[in-house]
Amino acid sequence: MKDLMQELHGLYFEDLKEGMSASFGKTVTDADICLFAGLSGDTNPVHLNDAFAKETMFKGRIAHGMFGASLISAVFGTKMPGPGCIYVSQTLKFKAPVKAGDTMIARVTVKSLNEKKKFVEFDTVVLVGDKKVIEGEATLMVPARG
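Residues numbered from 1 in each chain as written. Predicted model: local features only at pLDDT ≥ 70, side-chain atom pairs only at ≥ 80, totals over all residues. Heavy atoms only, no water.

Let us now look at the environment of Asp-32. Position of Asp-32 among the secondary structure elements: in helix α2 (residues 30–40). Accessibility expressed as a relative area gives 15% for Asp-32, which makes it buried. Taking C-alpha positions, Asp-32 is 16 Å from Ala-106, a pair spaced 74 residues apart along the chain. Setting aside residues up to four positions removed in sequence, Asp-32 forms contacts with Lys-26, Thr-27 and Phe-67. (Helix = DSSP H or I, 4+ residues; strand = E, 2+ residues; numbered from the N terminus. Buried < 20%, exposed > 50% of the residue type's maximum accessible area, 1.4 Å probe, protein only. Contact = heavy atoms within 4.5 Å.)

Structure below.
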């Protein structure tokens with residue numbers, strides 16, 4: 001079983017260096033927005049009702065901000081550091097709307113490492129093209145090899 005756990009594990013604290021980055025991309029579909037509404041319970045009509053959303057400042061339906069933020073979590077959980085890391089905190093600034101058909105790219109970059117606590121601070125951003133739609137910082141606890 002220990003060999004299987006090692007095989008599934010992502011990067012360890014010792015593998016990370018300042019400036020390293022990883023990303024994950026997803027093109028948002030109408031189905032994604034509807035499924036996220038059902039999963040999260042956030043049924044705000046700005047996400048689900050065309051007539052309502054057309055009257056807002058966005059002039060149409062938009063994806064949930066937390067859907068975009070969840071892509072940051074996808075990078076952490078699957079790419080860097082990967083399986084075995086634990087989210088400690090995350091700040092988010094929602095900068096621009098995302099609509100069905102937009103491709104979001106979530107990118108995380110190692111900002112600093114705390115050797116004593118095995119905490120890693122990351123800059124986080126979600127882009128649509130060159131536009132930042134979400135930015136923030138995250139702290140993760142990353143296991144050491146020993």
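Structure's up, so let's keep going.
With that settled, consider the nonpolar core. With 28 residues, the main nonpolar core has Phe-76, Met-104 and Phe-122 as its most contacted residues. When contributions to this core are tallied by element, the ones reaching two or more residues are α2, α5 (65–78), β4 (103–114), β5 (119–128) and β6 (131–141). Among the elements that make up this core, the one with the highest residue count is α5 (5 residues). If we ignore the near neighbours within four places in the chain, the residues touching Phe-122 are Phe-76, Met-80, Pro-81, Val-108, Thr-109, Val-110, Lys-111, Gly-136, Glu-137, Ala-138 and Leu-140. (Core = buried A, V, L, I, M, F, W, Y, C linked by side-chain atoms within 4.5 Å.)

Bringing a nonpolar patch on the surface into the picture now. Taken together, the side chains of Ile-86, Val-88 and Met-141 present a nonpolar region at the surface, about 240 Å² in accessible area. Its place among the elements puts Met-141 in strand β6. Met-141 sits in the partly exposed class, given a relative accessible area of 37%. (Patch = residues over 30% accessible without salt bridge, like charges linked within 9 Å, V, L, I, M, F, W, Y side chains within 5 Å. Areas by Shrake-Rupley, 256 points an atom, 1.4 Å probe, with all protein chains shown as cover. Salt bridge = Lys/Arg side-chain N within 4 Å of Asp/Glu carboxyl O.)

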